[in-house]
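Given next are the chains, with one letter for each unit.
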Amino acid sequence: MILVTGGAGYIGSHMCRLLRERGLPHIAYDNLSKGHVESLPGTPLVCGDLHDTDLLTDVLLAHQVRAVVHFAASIEVGESVADPLAYAQNNIGGTISLLQAMRRAEVRDLVFSSTAAVYGNPDTTPIPEDHPKRPSSPYGFTKHAVETLIESSEAAYGLRAIRLRYFNASGASPEGDLGEAHNPETHLIPIVLQAALGQRESVAIFGSDYPTPDGTCVRDYVHVADLAEAHLLALDALTRGVTGAFNLGTGTGYSVREVIETCRQVTGHPIPCREAARRPGDPATLVASDTRAREILGWIPTRSDLEQLVADAWRWHQAHPMGYVAQEPVEAPGPAMRRSEINALKRSAAACFEAHGWTLPPDPKWDVTDFGLGDWRREGLVLVNLAEEPEYCEKLMYAQRGMVTPAHHHRRKKEDIVCRWGRLAIRCHAAGGGAVALRRNGSQTVVEPDQPFVLEAGERVTLVPGVVHAFWPESDECIIGEVSTQNDDVNDNVFEDPRIGRFPGILEDVV
Ligand code: UDP
């Protein structure tokens, strides 16, 4: 079994597709902060965060994983300059967590997704793997730091690793169903193709006074399907005792102007462009020496010819002008709940209380929220569809006794929250406490843990599977709502809010 971290991302999803095609058992692990579930048809997905070492360990052990292909990382140079600590935390911290989990589970083989950005501004071109590493951005620094950590872990713990340094990953699946869908998009080829589609007025050429033949930056563009193939070869090479770093590029560079011209030819669109200032941190030329990957891994790129690569990308962009999001059916808001339905729910809750010998608070504030498991907060009543789900009543009772909501609700599967009446305010966080991405009426919204998101009557939010590690009602606003859950495993719920210590009775009852 192979674990693919970041499996729902651009390159990770191509890797998973290749593993599926070859019939190789694998699972994706992704927090879906950037990735797309839609890119993984047929691949089992564990939704989790890289920082969740326990979950990672569980997954490695439970699935008897023998090798990890580690793509999950933040990848934007500009973003890393703006927030270097976040980059270090995610890329370095996340990999430390993964390496720890691998140690615990005794998984030894690792293929790591690195980058040409570790070299910085090169002294020579094409760049050999032993070229000095002088990353010119925090992003490149994090990748270099991880490479160093991996090397130390090989020496210290018997890890066996191959580090693959991608040059400019581009293109889309030849079938046109998987492609590049970053938000915001910063990469040249998708930007040029968006201009061809009329989604952008023009393309800015970042710098036209570089010491290159036409003054624009030269890059080594490599097809994403070829990159996936290299990972498969790397997994195989590890079993032969091969380790170390490998460039993944073609050895041929193209300037920004040449790329734009190729896109014009492939698409038949004029694609207006304009000259703009240099983008900070861009080296003039980045071209790989690709001999090591060819000779040792036996890697032969077959789709990285620029015209072919752009043609594949163009097919994807035409079919998916809005990326993956537009493929989601946009759900119409459900009907608001009628008064009579609310009263019926209240009556059934009252009956349920009575059946358990409990009394309702004198003036209960009714929060008709179905969280699959009756989540609870002070003086409120969290009501699951009691009539249909009698087993939830018990949990509702326990919650009632506590008079506080000590429970976070944990989910790793899909569920929707529908506000059927009034307003529903919910807070949630990802594993590790970070922001989560939710689909709201068909488009993705990022919600910070300290900000409630409020649903008005009739609105629906899809909790992207596993992204939401925990959610709970916001005490001052939560009025009424309903979760329609497709989770058949109620035991999936875990109570682990630190405040639980103050309510041992609840914990005992629930456990
Ligand atoms: N580029 C550009 N205009 C854009 C985006 C990129 O001129 O709108 C240039 C960029 O400065 C670099 C090259 O295209 O020289 C490739 O950039 P990309 O972001 O695709 O990849 P990078 O080389 O930064 O990994």
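Notes on the structure follow. (Residues numbered from 1 in each chain as written. Predicted model: local features only at pLDDT ≥ 70, side-chain atom pairs only at ≥ 80, totals over all residues.)

1. Details of the overall build of the protein chain
A count of helices and strands for the protein chain gives 13 helices and 25 strands. The long-range share in the protein chain, meaning contacts at least 24 apart out of those at least 6 apart in sequence, stands at 78%. (Helix = DSSP H or I, 4+ residues; strand = E, 2+ residues; numbered from the N terminus. Contact = placed C-beta atoms within 7 Å.)

2. Let's talk about the site of the ligand
His187, Leu188, Ile191, Phe206 and Cys217 are the nearest of the 15 residues found near the ligand. Mapped onto the shell around the ligand, the elements with two or more residues apiece are helix H6 (188-196) and strand S8 (203-206). Tallying contributions element by element places S8 first for the shell around the ligand, with four residues. Grouping the amino acids of the shell around the ligand by side-chain chemistry returns nine nonpolar, three polar and three charged. (Near = placed C-beta within 6 Å. Nonpolar A, V, L, I, M, F, W, Y, C, P; charged D, E, K, R; others polar.)

3. Things to note about the sheet that holds strand S9 (residues 218-219)
Read from one edge of the open sheet, three strands run S12-S9-S14, paired in mixed fashion. Two strands close off the open sheet at either side, each with one partner strand: strand S12 (254-255) and strand S14 (285-286). Here two bridges tie S9 to S14, and the two strands are oriented parallel to one another. Bridge pairing in S14 places Arg219 opposite Leu286. (Pairing = 2+ DSSP bridges.)

4. A few points about the sheet that holds strand S2 (residues 26-30)
Here seven strands make up an open sheet; going across it, the order is S3-S2-S1-S4-S5-S6-S11 and the pairing parallel. Two strands in the sheet have a free side with no partner beyond their single neighbour: strand S3 (45-47) and strand S11 (244-248). Looking at each pair of strands side by side, their axes are set apart by 20 degrees on average, direction ignored. Where strand S6 (residues 160-166) lies against S11, five bridges are found, and the strand directions are parallel. Among the inter-strand pairings, Leu164 is bridged to a residue of S11, identified as Phe246. (Axes fitted to C-alpha atoms, helices over the stretch in contact; angles between N-to-C directions.)

5. With respect to helix H5 (residues 138-157)
Between its first and last C-alpha, H5 extends 27 Å over 20 residues, near the 28 Å set by a 1.5 Å rise per residue. For H5, the full list of buried residues reads Pro138, Tyr139, Gly140, Phe141, Thr142, Lys143, His144, Val146, Glu147, Ile150 and Ser153. Tucked inside the fold, the buried residues of H5 contact helix H3 (77-82), helix H4 (84-105), strand S5 (109-115), S6 and S11. (Expected span 1.5 Å × (residues − 1). Buried ≥ 20, exposed ≤ 12 C-beta atoms within 10 Å, placed from the backbone.)

6. Details of the environment of Arg108
Looking at where Arg108 falls in the secondary structure, it is placed in the loop between H4 and S5. Residues Arg108 and Leu159, spaced 51 residues apart in sequence, show a C-alpha to C-alpha distance of 4.7 Å.

7. A closer look at unusual backbone geometry
Across the junction of Thr125 and Pro126, the peptide omega takes the value -5 degrees, indicating a cis bond. With respect to the helices, strands and loops of the structure, Pro126 is situated in the loop between S5 and H5. Of note, the phi angle at Ile271 is positive, near 50 degrees, even though the residue is not glycine. With respect to the helices and strands, Ile271 occurs in the loop between helix H8 (256-267) and strand S13 (273-276).

8. Comments concerning helix H1 (residues 10-21)
Owing to its 3.6 residues per turn, the α-helix aligns residues three or four sequence positions apart on the same side. For H1, spanning 12 residues, the distance from its first C-alpha to its last is 17 Å, which sits close to the expected 16 Å at 1.5 Å a residue. Of all 12 residues in H1, nine are buried, a share of seventy percent or more. When we look at burial in H1, the residues that qualify are Tyr10, Ile11, Gly12, Ser13, His14, Met15, Cys16, Arg17 and Leu19. Considering only its buried residues, H1 is in contact with strand S1 (2-5), S2, strand S4 (67-70), S5, strand S7 (168-170) and helix H7 (224-239).

9. Section: the environment of Asp52
Take Asp52: it is sitting in the loop between S3 and helix H2 (53-62). For the pair formed by Asp52 and Ala101, sequence separation is 49 residues and the distance between their alpha carbons is 9.1 Å.

10. Details of the nonpolar core
Val192 and Leu248 are the most contacted members of the largest nonpolar core, which totals 100 residues. In terms of residue count, H7 provides more of this core than any other element does, nine residues in total. Not counting residues up to four positions away in its chain, the partners in contact with Val192 are Val203, Val259, Ile260, Cys263 and Ile271. (Core = buried A, V, L, I, M, F, W, Y, C linked by C-beta atoms within 7 Å.)

11. A word on the packing of H8 against helix H10 (residues 306-319)
Contact pair H8 / H10: the axes reach a minimum separation of 9 Å and the direction vectors enclose 60 degrees. As summarised for this structure, H8 and H10 are arranged oblique, according to the angle between their axes. Handedness of the H8/H10 crossing: right-handed. When H8 is examined against H10, the residues Thr262, Cys263, Val266 and Thr267 are found in contact with a partner set consisting of Leu306, Glu307, Val310, Ala311 and Trp314. (Parallel < 35°, antiparallel > 145°, perpendicular 65-115°, else oblique. Left-handed = near helix turned anticlockwise from the far one by under 90°.)

Any link to function would need more than the numbers given here.
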